[in-house]
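# Remarks on the overall topology
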Amino acid sequence: MAIAIIGGGLSGTLTAIHLLRNASGNQTIYLIEQDRYRMSRGIAYSSQLSFQPLNVPASAMSLFPEQPLDFYDWLKANEQHYEKHLKQPVTKDDFIPRFIFGDYLKARLEEAEKLTPAHVKLIKVYDEAVAIKRSGNLFQIAFKESKTITATKAVLALGNFAPGNLPIPNTGFYQSAAYIASPWSAKGLANLPADAPLLLIGSSLTMVDLVGSLKEEGHSGKIYVLSRHGLLPQPFDVTTRPYPKLKIPVGLSLLSLVKFIRSEIKEAEALGYNWRSVLDAMREAIPVIWQTLPLKEKKQFMRHLRPYWETHRHRMPAGSAALLQDLQEQGRLELIAGTIVDMHELGHKARVTIKRRKQSIAQTIEVSRVINCTGPQSDFAKIDVLLVEQLLASRMIQPDTLKLGLRTAPDGTVINGNGMLEDGFYTIGPPRKATLYESTALREIRQQAKELAQNILQENNLYECNMLVS
């Protein structure tokens, strides 16, 4: 039996680890990643930015829920290898550089592979998968250069895609050297004069990492940060106390839900907790809440509440918050609530026309570079990837109505273009945001990977039994 995992980042690697740990019988696991450096790292843990800490402390970054301090224990055992990057000794509350977590993920995969019995094999394929075609109960995975492989199960673990370009009149600007489409690329800051002004579109955690990297590299120029609402991620508070399990009434409307959360926060604060305690306690209930909301109310959430939820749910390290505040006070960073009207190349620079919120007159700024930090593209109809385009054309996948990801069953089985389950074909991580809403952080992905691996192995065992009987 063969299982093909397309994508070697966190989602794919963690699924492979669980398969290796629990496989019985003859199993071949293909872990497919076109970029060798990103194998077992993905985009999130392979960036070469000089400043990119995890946004939660070491104590909360275990790959395994049943071993909550696994990452911290690994870190303690290996901290001597990172003297230039960690304060010694490392503590549970430290925000660790992302590349070190990538080392941990890679180490746990290697460990699982070494402990696997001989009849279970892990084969790493360093090539781009360009097509997946069903042949009865099997899947044929074609590559750009390698030979086609056959699998009984296939898992799309594609992770996050680069941000989409904004709809501006002068789309030719996106071919300019002054525009950086991927905020995770090291070339975004390469050869940038120390005093060069630049514009970061989007005020997400990615923007925070870029500002930190600019500071690390001695940048002293003006930084404009523009987003529709001008909201920054809230700071993480390591002293936040766990809140008792929330009992959220079933079937609340969006308005009633907001009122309930506000009331719960008020009661929590009176007992010595804070809003972070309450929102953290909600995480397990979010998939059920999201799935029970009518489409109309989901659209209302996306239009009016999403930016506020995201900035409170996905927080930045307190040190990063202090850095942003310091730069704002110095006048070196300006946070703008508004929209892009248009962008034009001006020599080796960019002229950007913006419209601030609640102002009718547009404003023009000149910068040396524009970097897109608007967040990963999640509308699969707009993703310029050969495999995605092929799967859409063959109707093996179907984007969801809200353009958050793919339509899937609760267990991650993909729903095809005909509205039917594509048996044996799964996805994990960000594409499941459409069904679960919260599906991008380690806490959710590690649980998905564990359950998906169990499901795949159970189905394979059943299939083998049926083959023996027949």
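A brief report on the enclosed structure follows. Predicted model only: the values in this text are computed from it and were never measured.

What counts and how
Residues numbered from 1 in each chain as written. Predicted model: local features only at pLDDT ≥ 70, side-chain atom pairs only at ≥ 80, totals over all residues. Heavy atoms only, no water. Pairing = 2+ DSSP bridges. Helix = DSSP H or I, 4+ residues; strand = E, 2+ residues; numbered from the N terminus. Axes fitted to C-alpha atoms, helices over the stretch in contact; angles between N-to-C directions. Contact = heavy atoms within 4.5 Å. Polar contact = N/O pair within 3.5 Å; in protein donor to acceptor, adjacent residues only side chain to side chain. Buried < 20%, exposed > 50% of the residue type's maximum accessible area, 1.4 Å probe, protein only.

### Some words on the sheet that holds strand 6 (residues 149-151)
Strand order in the open sheet formed by 3 strands is 4-5-6, with antiparallel pairing between adjacent strands. Strands with a single pairing partner mark the edges of an open sheet, and in this sheet they are strand 4 (129-135) and strand 6. With direction set aside, neighbouring strand axes in the sheet form an average angle of 25 degrees. Note that strand 5 (residues 138-143) and strand 6 share 3 bridges and pair antiparallel. From the neighbouring strand, Ile 141 faces strand 6, where its bridge partner is Ile 149.

### Details of the sheet that holds strand 12 (residues 349-356)
Read across the sheet, 7 strands follow the order 8-14-9-10-11-12-13 without closing on themselves; strand pairing throughout is mixed. The open sheet has two free edges, formed respectively by strand 8 (179-180) and strand 13 (363-367), since each of these has just one partner strand. The pairing of strand 11 (residues 333-346) with strand 12 spans 8 bridges and is classified as antiparallel. What sits directly across from Met 343, in strand 12, is Val 352. On top of the sheet, helix 4 (residues 205-216) reaches strand 9 (198-201), strand 10 (223-227), strand 11 and strand 14 (369-372); it is set at about 155 degrees to strand 9, its chief contact.

### So, unusual backbone geometry
The amide bond that connects Gln 88 to the next residue, Pro 89, takes the cis arrangement and shows omega of -5 degrees. Along the polypeptide, Pro 89 turns up in the loop between helix 2 (70-78) and helix 3 (98-114). Phi is positive for Ser 40, which is not a glycine, with a value near 70 degrees. Within the element layout of this structure, Ser 40 appears in the loop between strand 2 (27-32) and helix 2. We note that Tyr 437 has phi near 65 degrees; this positive angle belongs to a residue other than glycine.

### Side note on the side chain of Asn 372
Among the secondary structure elements, Asn 372 is positioned in strand 14. A polar atom in the side chain of Asn 372 sits 3.1 Å from the side chain of Tyr 179.

### Considering the environment of Thr 374
Along the chain, Thr 374 turns up in the loop between strand 14 and helix 10 (386-393). Among the residues examined, Thr 374 registers a relative accessible area of 38% and is labelled partly exposed. For the pair formed by Thr 374 and Leu 226, sequence separation is 148 residues and the distance between their alpha carbons is 9.5 Å. Apart from residues lying up to four places away in sequence, Thr 374 is in contact with Pro 163, Gly 164, Leu 166, Ile 201 and Gly 202. A polar side-chain atom of Thr 374 sits 2.6 Å from a polar atom in the side chain of Asn 372.

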